[in-house]
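# Report on the structure
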Amino acid sequence: HNKFTAQARSNLVELSMVRRVTPRGDGSVPFVPMRTTAGEDARLAGIFALQLIDSNAALQEVIRLCDTSTNAPFRAKLVYVLGSFRTSGAIRKLGQIVRTDPLGTIRTDAISLLGITKTTVAYDELRTIVDSPIELALRRRALGMLTDADVPGIDTLLFRLATGERDLGLSEIAAVG
């Protein structure tokens, strides 16, 4: 762990020159959100380095970049970085991305990461997606993930969807559940 921490600090010191941040006397670097002019590779490297030292600060930076970046390929990379955190904040952000990102491939990547997370928070996000007014393919996929995982309390959701859902595909998945 110390080897990785030292490398991360070294990377942050290097990046601080790009970010115009002065390292502290103990070698640590104060966290300052990266400028939008920093290259994408440098930004990702900084996030990975920061994650080793202060994962909460790294998560906040990833969320900020997800919210502000207009570059679709960069946002797609950020989704995978976000999925590596496995915290409730990261999982909730993935759910928000599924419901709101303008790009279908990014929404699909985010829902895939939610499906493999297998935590209560991820299952709650998948339930929210099933009930969201978003494209049916994502709602169906979320429901399929929930039924495959045999999530506690899924019977109530399946019954409601099987008896009252307008989308036949979703109600069929629920009925077979």
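See above for the structure.
Residues numbered from 1 in each chain as written. Predicted model: local features only at pLDDT ≥ 70, side-chain atom pairs only at ≥ 80, totals over all residues. Heavy atoms only, no water.

### Considerations on the nonpolar core
Grouped together as the largest cluster of nonpolar side chains are 42 residues, with contacts concentrated most on Leu82 and Leu126. With six residues, helix 3 (residues 55-68) is the single largest residue contributor to this core. With sequence-adjacent residues up to four places away left out, Leu126 is seen in contact with Ile111, Leu114, Gly115, Ala142, Met145 and Leu146. (Core = buried A, V, L, I, M, F, W, Y, C linked by side-chain atoms within 4.5 Å. Buried < 20%, exposed > 50% of the residue type's maximum accessible area, 1.4 Å probe, protein only. Helix = DSSP H or I, 4+ residues; strand = E, 2+ residues; numbered from the N terminus. Contact = heavy atoms within 4.5 Å.)

### A look at the side chain of Ser132
If you trace the backbone, Ser132 turns up in the loop between helix 7 (120-130) and helix 8 (136-149). Not counting residues up to four positions away in its chain, the partners in contact with Ser132 are Arg99 and Arg139.

### Remarks on unusual backbone geometry
Phi at Arg86 takes a positive value of approximately 60°, unusual for a residue other than glycine. Along the chain, the position of Arg86 falls in the loop between helix 4 (72-83) and helix 5 (88-100). By relative accessible area, which is 46% here, Arg86 ends up partly exposed. Positive phi values are uncommon outside glycine, yet Lys118 reaches one of about 55°. Relative to the elements of secondary structure, Lys118 occurs in the loop between helix 6 (104-117) and helix 7. Residue Lys118 is classed as exposed on the basis of its relative accessible area of 54%.

### A closer look at the side chain of Lys93
When you line up the elements, Lys93 lands in helix 5. Of the residues examined, Lys93 reaches a relative accessible area of 6% and is grouped as buried. Apart from the residues within four sequence positions on either side, Lys93 is in contact with Ile63, Cys66, Asp67 and Leu82.

### Regarding the packing of helix 4 against helix 6
Running from N to C, helix 4 and helix 6 cross one another at 5°; their axes reach a closest spacing of 10 Å. With respect to helix 6, the axis of helix 4 lies roughly parallel. Two secondary-structure elements touch here, helix 4 through Ala72, Arg75, Ala76, Val79, Tyr80 and Gly83 and helix 6 through Ile106, Asp109, Ala110 and Leu113. Each residue belonging to the contact of helix 4 with helix 6 can be placed in one class, and the counts come to seven nonpolar, one polar and two charged. (Axes fitted to C-alpha atoms, helices over the stretch in contact; angles between N-to-C directions. Parallel < 35°, antiparallel > 145°, perpendicular 65-115°, else oblique. Nonpolar A, V, L, I, M, F, W, Y, C, P; charged D, E, K, R; others polar.)

### Some words on the packing of helix 4 against helix 5
What describes two packed helices is the angle between their axes and the distance between those same axes. Two elements in contact, helix 4 and helix 5, have axes whose closest approach is 9 Å; the angle formed by their N-to-C orientations is 145°. The interaxial crossing formed by helix 4 with helix 5 has left-handed handedness. Facing Val79, Leu82 and Gly83 of helix 4, the residues of helix 5 in contact are Ala90, Lys93, Leu94 and Ile97. Residues belonging to the contact of helix 4 with helix 5 are distributed by class as follows: five nonpolar, one polar and one charged. (Left-handed = near helix turned anticlockwise from the far one by under 90°.)

### Observations regarding the pattern of salt bridges
One side chain can pair with another of opposite charge once the charged atoms of both are near each other. Applying the stated criterion across every chain yields a total of seven salt bridges. Its salt-bridge partner being Glu125, residue Arg99 comes within 2.8 Å of it at the nearest N-O pair. Within this pair, whereas Arg99 is found in helix 5, its partner Glu125 is found in helix 7, the two being separated by 26 residues in sequence. Exposure remark for Glu125: the relative accessible area of 10% places this residue in the buried category. A salt bridge links Asp131 to Arg160; the nearest nitrogen and oxygen atoms lie 2.8 Å apart. Of this pair, Asp131 sits in the loop between helix 7 and helix 8 while Arg160 sits in helix 9 (residues 154-164), and the two are 29 residues apart along the sequence. (Salt bridge = Lys/Arg side-chain N within 4 Å of Asp/Glu carboxyl O.)

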